[in-house]
Structures are given as C-alpha cells and as structure tokens.
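The primary structure of each chain is shown beneath.
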Amino acid sequence: DGTVPEIFAKEYAQAPPDLKNIRHPIIGYVGTVSFRMDIELIRALSERMREFSFVFVGDVHSEQTDISQLSGMPNIFFLGGKPYEELPRYAAFFDVSFLPYKHLPFTPPPTKVFDYLATGKPIVSTVLPELAFLKGFIYEAKNTDEFENIIKKALGEDTPELVQIRKDKARDNS
C-alpha cells in the first residue's frame, strides 16, 4: 500500500471550516477511530498538553472503541468522517500527525503513514514493528512521557529539509 503524494502534498490557502477555529499546534489523526486507538494515551496527552489541540478526522467505530472518557476534554476534537479527497486539506493544517495506537500482538501496518509523509509534516507514532522500515522518517514513542517529549521535539525540528525528506519517502511509496 502507498499514497498518491501529489494529493497530500498540495498546499491549501484556508483550513476547512470545522478546523479553522481550532487552536494550533494541532496534533492530528486521519482515519477510523477503532479498537487500535490507545484512548488512555490520548486522554493523558490531552491533560498534560493543554495548549495543544488533538484533532481526529474519521468515523468513530463506537461498537469497538469507547471514547466517552475523551468527551468534554476542551482540546480534543472529533470532526467525523470526510470524503477521501478532503482528507489532504485537513492534514495540511496539522502541525504534527500522529498514530496513537495500542501495543497489540499484531497491528496491521497503518497505510495512512504514507499520506502523512506526503504532507511533509512530522509524524509521531507508537512503536510498531510494522513501521520499523520507516525509522528515521517518523518519530516513535513507547509511553505518554515519550509522546509528549517527542511531539514537542518534532515541532522544534520541523525544518524545510525534513519536510522534503518525508515527501520524497512518500513518493517512493506511491
């Protein structure tokens, strides 16, 4: 699996209306919110990083995932499912893309990682053996402390050179 890098690398002048008034920095996720998501991690990050907004663009599979402990958190936003062709416009306004997945015996490789790479934005992910081949292109975290520190580090290290390296890697996986 790969991406169509030209779609996700596009620059947009304006954020989508439902994202426009959300405060930056935005830590964003595009995809289905399902059993794979580490809800406790998301809640802990939201509580620790109150100046950050955590945005989820995608359908919530409520029969698989209970997100009730996240409701009412002032810096967590569930924007719902969007047509695929609109996803790049959302991802373009993330400051960091993230994959807050649980450590499961087997987690299918998240194909959205190539879409994230195509935006050029930094990516912070749970350590997943399935993503080992992307070492050096994504940041990995083992726990809440590492996620918090690495998200902040990723924001500070987001240089034009790193943006280009990520976009090039996405093109290699189109």
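Residues numbered from 1 in each chain as written. Predicted model: local features only at pLDDT ≥ 70, side-chain atom pairs only at ≥ 80, totals over all residues. Heavy atoms only, no water.

Novice: Mind showing me how you'd approach the pairing of strand E4 (residues 96–99) here?
Specialist: Within a regular strand, side chains alternate between the sheet's two faces. Burial along E4 is two-sided: Val96 and Phe98 and Ser97 and Leu99, pointing in opposite directions, are all buried. Examined bridge by bridge, strand E1 (residues 26–30) and E4 share 2 bridges and lie parallel to one another. Paired with isoleucine 27 across the bridge in E4 is valine 96. Relative to strand E5 (residues 123–126), E4 runs parallel, the two being bridged by 3 bridges. Residue pairing in the sheet places leucine 99 in a bridge with serine 125 of E5. (Buried < 20%, exposed > 50% of the residue type's maximum accessible area, 1.4 Å probe, protein only. Helix = DSSP H or I, 4+ residues; strand = E, 2+ residues; numbered from the N terminus. Pairing = 2+ DSSP bridges.)

Novice: What's the story with the packing of helix H3 (residues 39–48) against helix H6 (residues 144–156) in this structure? I'm lost.
Specialist: Any two packed helices are characterised by how steeply their axes cross, that is the angle between the axes, and by the distance between the axes. It is the contact of H3 with H6, at a shortest axis distance of 10 Å, that shows an interaxial angle of 55 degrees. In terms of their interaxial angle, H3 and H6 are classed as oblique. As for how H3 packs across H6, the hand of that crossing is right-handed. Facing Leu41, Ala44, Leu45 and Arg48 of H3, the residues of H6 in contact are Thr144, Asp145, Phe147 and Glu148. (Axes fitted to C-alpha atoms, helices over the stretch in contact; angles between N-to-C directions. Parallel < 35°, antiparallel > 145°, perpendicular 65-115°, else oblique. Left-handed = near helix turned anticlockwise from the far one by under 90°. Contact = heavy atoms within 4.5 Å.)

Novice: Would you explain the pattern of salt bridges in this entry?
Specialist: Any two side chains of opposite charge can pair, given that their charged atoms come close. For the structure shown, the criterion picks out 7 salt bridges. For aspartate 18, the salt bridge identified is with lysine 82, shortest N-O distance 2.8 Å. Taken together, the residues aspartate 18 in helix H2 (residues 17–20) and lysine 82 in the loop between strand E3 (76–80) and helix H4 (87–91) connect sequence positions 64 residues apart. Overall, lysine 82 belongs to the partly exposed group, its relative accessible area being 23%. (Salt bridge = Lys/Arg side-chain N within 4 Å of Asp/Glu carboxyl O.)

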